[in-house]
Structures are given as structure tokens and as C-alpha cells.
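Descriptive analysis of the structure
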Amino acid sequence: MYNRVSEWLDVVLETDIPAEVVAFGFNLYEDIDHDWSMELIGTSKFDVDDEDWLCNEVTDLDTRENPLQWHRETGWEEILNDIVSALKEYLKNGKYADILKAKSGVGVGFVNGNIEILHVKIKEKIQGLMEQKISEWQEDDIYAISLYVFNEEDDPCRPVAVFGYNTERQVQKSITEAADEQEARWNYAFWLQNHEMCLGRDETAEDIRKWITELEWEGEDAISFKFVNLLVAVVQGIHASGLLKEKFGREIPVLIHELEYHEKISQQNIEANGEALDRGFVSFCMSCLPEVPNEMPKAETPVTAPQSHSLVTGKRLYISGKAVAYIIAIALITGFWVLGLIISIHDRTNSEDTPQLKEGFEEETSVPLEQEKTESGQRKWQVHIQPGMPEPFIEVLRQYEQFMNADIQNLNDEDVREKIDSVDGKWRYLYDELCGLWLSAAWRGEEDVIRYSLEDLTGDGYPELVMGYCRSSDDAVYPGVVYYYSRTEGIRMECLSSYYTMELYEDGVILYVSGGAAYTETFIQFQEEAECWQQVACIAVDCDYETDSVRGYYWGDDVSGDLTGNRPMSAEEYQKIIAQYAAEPVALEWTSLIRS
């Protein structure tokens, strides 16, 4: 029987599989006089606990017209056993077994009968096990769920995640033992540590082992990275299912962590939990970083603005979404995230010849930055003023200099937030994610990580100030915020949120890319008549995190579910949008913020 099934599937799976297919189902039919037939369908849903997923058919791969047919004088139970055995063998050794196993699940059964699951991707299996446990919990004050990750006996090939939760009652009980309430609430050492389930042990040990051996690894370190990515996808799936909100009346975070807390822990949990993540947890991760050393080298001379004026041109910089995502992920430690894009009015004035400076937008030639002292009476850092820096942007750089010399240990301190967040705050022009990056880098002894560039992004003859982060590993700079000047509004900021990375393209286009296995690419473009950036296209991209491949493109920005509610987009349509808005990256030449 296996040979007949194998030959049939080798032909069927030669065809292209629609991107909307997330699972495969084999439908068995009992015809007449002991004749049997089988078809293969692709579905848009998969649920190990609800057999109705087979009703969500996307395609029959032409097998309804060309089913596998055979004759055998026996009962349906024997037929089912034969087919199950043959399909399991194909999933192990078949020519196109990878196509079947790449989807969320594979099932088989007689029409109007029960479904036997032949294969479940590890993400769906782990998610199902966790959701079953969550449904059984009885405590009414659970505020966070834990996935404590470690390597069994320090072996990277044996990753484990202990699944549990903590309660408000446990927090109150632990306050007297912890340094403060934040530590009692977020430090796993003070939690219940109730091992509800251990992923990688017991019934899931073999699943994890197979998962590791079936994938191609670049080394043992990659296993830990992939394991955390797997858990991130599982947590995203649990949030998307709506179980947590139904169970607890609200979304609560599922924290993926170790015994130590740092910026990487913060980043992976923001990606996994999104809006459900308590900002207090991010603040706690930030506060766990070692303090910035008190003794830092000081600049030898004060900062003065150079007297010449020139706009910067230079080499072209292409920024890939993944590279940018890596750097911006580090910025997530600051504890500040904005869930939408900040689109502000950009005032512009056209000129046919050499442009005249805008009102209030004068070239600065000689005024030095304010010579503030630190509490110790010494200047630590001085910012570098590029030739031709317009006066409004010198005020921006002045505030960064003040921040760097303020001996800040925690970006989330109330007085620091007041200076940054208030409309008339002392540091209201700071982009706090860059500030958080600088604090972390200063602790590591890599203080010179912030760069800026003057570039006319909108084509009106007046430069914008672009600021970004320089990664020490490859010296590449990744933009995070654009400052521009409005005659009516003054200094304005166009910046990304913690969920997005920024890419700059010609013709006034900015691309924001969100994180996650299902992410969005949002294009905004400066509109002359509206005098502001406006959204011109938004694409939802569904990726397979295990194979690092794209499953499909969709119109729209809703990636909260399984994307079936979004209108599918063809690969040709996607490439057309990319060609229209992202054909030419902006050429930037970067200058170090700190004066050497």
C-alpha cells in the first residue's frame, strides 16, 4: 500500500501549494463494493482540539478529480490502519515529506468520522500543551506566567523551559524578603516556582530532540537562540488565541526568561507579548544592568559650533530589515514603547535657486553649547557640531549632551521621565531609545555609539537631522529618529516605536518594519500638499520562523491573528510596491555625536 500512496503523493505534491494553506488533511471515502478513495486538501486553519479545522478548505490540489483509488474487501477500520501506516512512512521517507511537515499539522480520517493527527509542528504541540495547562488553573490572582529557560546539565543540545506562574498573594508574601516590590514581582527567585510542565523533559523530550536533529544548525549556540525564538512564537500564538483574556479577563504576560535579567530578556518578551507585557517588567530588566562607572574620561576642550556651512552627501547605506531589527531590539531595554507611528507636520518652503533659510532656521556659526557641569564639577562628554548645523538642531544636540553628563543610572526614574516626556521638559527633544542604548553602551565601555547625519530627506532644500545607533561589530549605523523644523511648530520628531525598525528611501519615503514571525512593512511618504508624512502602503508578511521563509503576503496591518482576515497579496504585487517605494536607499554620511 505504501508504494501506491507514495507514487500518488509524489505527483500531487509536484504542484504549487497556495500560501494560505497552513495544514493538510487526507479525506477517506468508502465508495461501493469495497472500493475506497482518498483525496488531499489544504486548509487555512489547524486545531488539534477541534476537528472542524478540516472544514476550512483552501484547495483540493486537483485530487477530488484525481483521487487515489483502490479495491480491498475489508472493513473501514483496516483501511484506516493501512493508510495511517503508509502516510506515517511517507512523512519519514517520502520524496515530498518536507512539504507536508512544513505546515502546522497533517491529519487523516473518513469523511464524517474522527480525525487522526499524523504530524504536528512542535510550535502547535507546545502551544496546545500550555493552553491545556492554563485552562486547568484555578487561582484568581495570577498576574504573570513564566517560561524559565536553561540548558539541562549545561548542554546546549538539551534546552528546557519550565512552565509556571506567579500570583499577587505570592508577591505580597515575598516583599519582606526582596529588595522592593518590583523585585518581588518580577524576579523568578521570589516566585512560586511551581513546575506545571517542563518542555524538553518527559513527554516533550523526544519532540525537542527531533526538532533539533531535523533542522540544520550553525553550531550549538544557535540551538539556544532557535529555542527561544520557538517559545516567542508559541507565546504569540497563545495571545492570538484569546485564551488568556478569556481565562483571566485581561491579557497577562508570558515571560521567557533566565535567572538573570538584561536587555535581551526585555527584547524577547516585548516581541513575544506585545501590548500584554507590563512596562514594570521592562523597567526591572533595565534596573538589573550594572551601574555605569562613575569615572569616565572627560573631553579636553569645550564645544563650539564650526563656522562653515555644507550639506552632507556620501556613500549609500542599505539597511536590511533583519540587521536593523537586531539593533533596535537592544533599544527595547529602555522601557518605552509607542504602539503607533508618530507622524508629524513637516513645514517646507520651495525655492527655484539657492534656498533661503526658513524663518527661525538660521545657520549657526559661533555659539557654543551650554557649559554645564556634572555634580562632580567636571564635564564628561561634549557633542560634536558638524559644519553647517542649523541652530534649531544645536538645541537638540545640547539636550543630548546634558543627558550624557547627568549621571543617569535608570532611564525610567520619575524625574528623568518628566524631563523627557513633558511638552516643556528640559530634555523634550531626546529620543529615549537612543538614550537607553547610550547608557548600556557606556557601561560596556563603548560610549561612542550614537551618530547623526544632515540630509534633505523631503527635497525642500533644507536638511533634516537623522540620528541613529552604531553597532560596534560592523560599524554600520541604523537610523532611529528624524528631527525636522516647522515654522509654526518648531522642532519636530519623526521616530519609530519599539516595535518597528526604520529604513530611509529616496522621494521622502520611510519604511517601518515590525517584529515577529508575522510582521508588517509600513511605507509612509512626505506629501507636499498635506505637508506631512502619510501612509502609502502597508503589507503584512507571514513567515515560517523554523525555515526562515515567507509563507505569504497580505494587504493591511493586522497581524494579531492568523492573517486569514487579510486580503492575500501576490509576490508580484509585493515586488511592485517595493520597486515603487524602496528602490533607492538614502545616502547618508554619519558623524559621531561625541566629540573626540
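Cut-offs used in this document
- Residues numbered from 1 in each chain as written.
- Predicted model: local features only at pLDDT ≥ 70, side-chain atom pairs only at ≥ 80, totals over all residues.
- Heavy atoms only, no water.
- Pairing = 2+ DSSP bridges.
- Helix = DSSP H or I, 4+ residues; strand = E, 2+ residues; numbered from the N terminus.
- Axes fitted to C-alpha atoms, helices over the stretch in contact; angles between N-to-C directions.
- Buried < 20%, exposed > 50% of the residue type's maximum accessible area, 1.4 Å probe, protein only.
- Contact = heavy atoms within 4.5 Å.
- Polar contact = N/O pair within 3.5 Å; in protein donor to acceptor, adjacent residues only side chain to side chain.
- Core = buried A, V, L, I, M, F, W, Y, C linked by side-chain atoms within 4.5 Å.
- Salt bridge = Lys/Arg side-chain N within 4 Å of Asp/Glu carboxyl O.

Another point: the sheet that holds strand β9 (residues 197-199). What the 4 strands build is an open sheet, ordered β9-β8-β7-β10; its pairing is mixed. The open sheet terminates on both sides in strands that have one partner only, identified here as β9 and β10 (254-257). For this sheet, the mean angle separating the axes of adjacent strands, direction not counted, is 25°. Here 3 bridges tie strand β8 (residues 159-167) to β9, and the two strands are oriented antiparallel to one another.

The next thing to look at is the environment of Asp141. Locating Asp141 in the fold gives a position in the loop between α4 (122-136) and β7 (142-151). The buried category is assigned to Asp141, whose relative accessible area is 11%. Once the C-alpha coordinates of Asp141 and Phe248 are considered, the two residues, 107 residues apart in sequence, prove to be 8.6 Å apart. Those residues within four positions of Asp141 in sequence are excluded, and the remaining contacts are Asn166, Thr167, Glu168 and Arg169. Among the polar contacts made by the side chain of Asp141, one reaches the main-chain amide nitrogen of Arg169 at a distance of 3.0 Å.

This brings us to the nonpolar core. Of all hydrophobic cores here, the largest spans 59 residues; its most connected members are Tyr400, Phe403, Trp438, Leu465, Met467 and Tyr483. Setting aside its immediate chain neighbours within four residues, Trp438 contacts Trp381, Phe403, Met404, Glu447, Val449, Ile450 and Ile594.

All right, on to the side chain of Thr43 then. As for its placement among the helices and strands, Thr43 is situated in strand β2 (residues 35-43). Every residue in contact with Thr43, bar those within four places of it in the chain, is listed here: Glu20, Val21, Val22, Ala23, Trp53, Leu54, Asn56, Glu57 and Val58.

One open sheet holds the 5 strands; their spatial order is β14-β13-β12-β11-β21, and the pairing between them is antiparallel. Every other strand in the sheet has two partners, leaving β14 (490-495) and β21 (591-592) as the edge strands with one partner each. Pairing of strand β11 (residues 450-455) with β21 involves 2 bridges; the strand directions are antiparallel. Residue Arg451 lies in a different strand from β21, and its bridge partner there is Ser592. Running over the sheet, helix α13 (residues 391-404) touches β11, β12 (464-470), β13 (477-486) and β14 and is turned about 30° from β12.

This brings us to the pattern of salt bridges. Following the criterion strictly, the structure yields 19 salt bridges and no others. The partner of Glu181 in a salt bridge is Arg185, and the shortest N-O contact between them spans 3.6 Å. You can see Glu181 and its partner Arg185 sitting in helix α6 (residues 181-186), 4 residues apart, about one turn around the helix. For Glu181, a relative accessible area of 40% corresponds to the partly exposed category. Residue Arg417 is joined to Asp432 by a salt bridge in which the shortest nitrogen-to-oxygen separation is 2.9 Å. In this pair, Arg417 sits in helix α14 (residues 414-421) while Asp432 sits in helix α15 (residues 432-443), placing the two residues 15 residues apart along the sequence. You can call Arg417 buried: its relative accessible area is 9%. In the salt-bridge network here, residues are joined through shared partners; they are Glu39, Glu57, Asp60 and Arg64.

This brings us to the side chain of Lys121. The residue Lys121 is located in the loop between β6 (116-120) and α4 in this model. Here Lys121 falls in the buried class, since its relative accessible area comes to 5%. In terms of polar contacts, Lys121 uses its side chain to reach the backbone carbonyl oxygen of Ala102, at 3.2 Å.

Okay, unusual backbone geometry next. Phi at Asp33 takes a positive value of approximately 55°, unusual for a residue other than glycine. On the secondary structure map, Asp33 appears in the loop between β1 (23-30) and β2. Looking at Asp33, the relative accessible area reads 62%, which means it is exposed. Positive phi, normally seen in glycine, also occurs at Asp62, with a value near 65°. Positionally, Asp62 belongs in the loop between β3 (57-59) and β4 (68-71).

Let us look at helix α1 (residues 2-12). Every buried residue of α1 is listed here: Val5, Ser6, Trp8, Leu9, Asp10 and Val12. Packed against the buried residues of α1 are β1, β2, β4 and α2 (76-93).

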